[in-house]
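Okay, here's what each chain looks like letter by letter:
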Amino acid sequence: MSLLEARDISKSYRRNGLRTDALRDVRFTLDDGEILGIVGESGSGKSTLLRLLSGLEKPDRGEFLLDGKPLPAKRTKEQYRAIQMIFQDAPGSFQPRRRVAASIREAVKSLCGRAAEPDLDKLCALVGLSPDLAQRYPRELSGGQCQRFAIARAVAASPRILLCDEITSALDVSTQAQVLRLLADICREKHMAALFVSHDLSVVSCLCSRVLVLYEGSLVEEGPVRRVIGAPEEAYTKRLLDSVLEVR
Ligand SMILES: Nc1ncnc2c1ncn2[C@@H]1O[C@H](COP(=O)(O)OP(=O)(O)OP(=O)(O)O)[C@@H](O)[C@H]1O
Ligand SMILES: [Mg+2]
């Protein structure tokens, strides 16, 4: 049985009488401890898929199963806790007037109960930062430090799945590499799975075992990363790869 299964997930938005099908009948599975890549051009539905999975929004049709059990429209605390999101804009994902340590503590309490206390020293060690830095406000940290704390906050409640939406695209290349290594180490050590959205196919190739390719809300290709990126079967994946190569 897969850790997570998405069954025919569809979502559309309406704005000013115009309908956008952000996701159409998307189905996939995620195994325990697996890092699954999601690629596709801008507007293909990647973030929408993660938002639905996180419980921030509901699909119009279809369902997600965790450990073979459907996630209900109103999730339990335990179900929320199991799936945690890490955003592209790490500084913006923390409350500006709160020290980072307080934000992490608050996140853990809201997910695990008021009595829960995160071990901040241990979390800082896990993400390779000095505990002193956790006493700072988000604006007093570098982008890379902030993203490490965002990872610490997501991991603090011991989720089963991390949702990563372009988490390194605001960072310089060497910081990107450090954050990605950290993510891979944490997933391995804690046996967590991740859905990893990125525009950077070389990063997806290094980090992920399998990849999904989305195009205009539909899943057009899926498979082992080496096969999909090395020898794509679908015309769209080929075009996507060509466009990335042209940009470089
Ligand atoms: N709240 C919303 N209201 C209306 N349309 C939306 C909303 N959220 C997303 N969309 C539309 O749904 C489609 C998918 O958007 P989504 O943000 O999932 O794309 P994406 O693949 O994450 O793109 P990017 O790579 O640019 O982040 C887009 O056409 C977008 O305009
Ligand atoms: Mg997006």
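Described below are features of the structure shown in this document. (Residues numbered from 1 in each chain as written. Chains lettered and ligands numbered in written order. Predicted model: local features only at pLDDT ≥ 70, side-chain atom pairs only at ≥ 80, totals over all residues.)

### Focus: the overall build of the protein chain
A count of helices and strands for the protein chain gives nine helices and 10 strands. For 248 residues, the compact-globule estimate of 2.2 N^0.38 gives 18 Å, and the protein chain sits close to it at 18 Å. Considered along the principal axes of its C-alpha atoms, the protein chain spans approximately 50 × 40 × 40 Å. A buried classification covers 39% of the 248 residues belonging to the protein chain. (Helix = DSSP H or I, 4+ residues; strand = E, 2+ residues; numbered from the N terminus. Rg over C-alpha atoms; globule rule 2.2 N^0.38 Å. Buried ≥ 20, exposed ≤ 12 C-beta atoms within 10 Å, placed from the backbone.)

### Overview of the site of ligand 1
Contacts to ligand 1 come from Tyr13, Arg15, Thr20, Ala22, Gly40, Ser42, Gly43, Ser44, Gly45, Lys46, Ser47 and Thr48. Mapped onto the shell around ligand 1, the elements with two or more residues apiece are β1 (4-15), β2 (18-30) and α1 (46-54). By residue class, the composition of the shell around ligand 1 is two nonpolar, eight polar and two charged. (Near = placed C-beta within 6 Å. Nonpolar A, V, L, I, M, F, W, Y, C, P; charged D, E, K, R; others polar.)

### Structural notes on the nonpolar core
Counting 70 residues, the largest nonpolar core has Ile161, Leu163, Cys164, Ala194, Leu195 and Phe196 as its most contacted members. For this core, the leading source of residues is helix α5 (residues 143-156), giving eight residues. When sequence neighbours within four positions are dropped, the list of residues in contact with leucine 195 reads Leu30, Leu36, Ile38, Leu50, Ile161, Leu163 and Cys164. (Core = buried A, V, L, I, M, F, W, Y, C linked by C-beta atoms within 7 Å. Contact = placed C-beta atoms within 7 Å.)

### Things to note about the packing of α5 against helix α6 (residues 173-190)
Between two packed helices, what matters for the description is the angle formed by their axes and the separation of those axes. Direction vectors running N to C along α5 and α6 enclose 15°, while the axes themselves pass 10 Å from each other. Judged on the interaxial angle alone, α6 and α5 are roughly parallel. In this structure, α5 crosses over α6, and the sense of that crossing is right-handed. Across the interface between the two elements, Gly144, Gln147, Arg148, Ile151 and Val155 from α5 touch Thr175, Gln178, Val179, Leu182, Leu183, Ile186 and Lys190 from α6. Tallied by class, residues from the contact of α5 with α6 come to six nonpolar, four polar and two charged. (Axes fitted to C-alpha atoms, helices over the stretch in contact; angles between N-to-C directions. Parallel < 35°, antiparallel > 145°, perpendicular 65-115°, else oblique. Left-handed = near helix turned anticlockwise from the far one by under 90°.)

### Some details on the sheet that holds strand β8 (residues 193-197)
Taken in spatial order, the six strands make up an open sheet running β6-β7-β8-β3-β9-β10, and their pairing is mixed. Pairing within the sheet leaves two strands with one partner each, and these edge strands are β6 (83-86) and β10 (218-224). Going across the sheet, the axis of each strand differs from the next one's by a mean of 20°, ignoring polarity. Strand direction decides the pairing type here: strand β9 (residues 210-215) and β10, joined by six bridges, are antiparallel. Following the sheet pairing, arginine 210 is matched in β10 by proline 224. (Pairing = 2+ DSSP bridges.)

### Some details on α1
Taken as a whole, α1 has its buried residues at Lys46, Thr48, Leu49, Leu50, Leu52 and Leu53. One or two positions beyond α1, positive phi appears at glycine 55, with a value near 90°.

### Section: the pairing of strand β4 (residues 61-66)
The pairing of β1 with β4 spans five bridges and is antiparallel. Paired with alanine 6 across the strands is phenylalanine 64, a residue of β4. The sheet contact formed by β4 and strand β5 (residues 69-70) spans two bridges and is antiparallel. Following the sheet pairing, leucine 65 is matched in β5 by proline 70. In textbook terms, the turn of a hairpin is the stretch between consecutive antiparallel strands, and for β4 and β5 this stretch comprises two residues, one of which, aspartate 67, has a positive phi near 55°.

### Focus: the sheet that holds β5
Taken in spatial order, the four strands of this open sheet run β2-β1-β4-β5, and their pairing is antiparallel. In this open sheet, the two strands that pair with only one neighbour each are β2 and β5. Of the strands in this sheet, β1, β2 and β4 are in contact with α1, which crosses β2 at around 65°.

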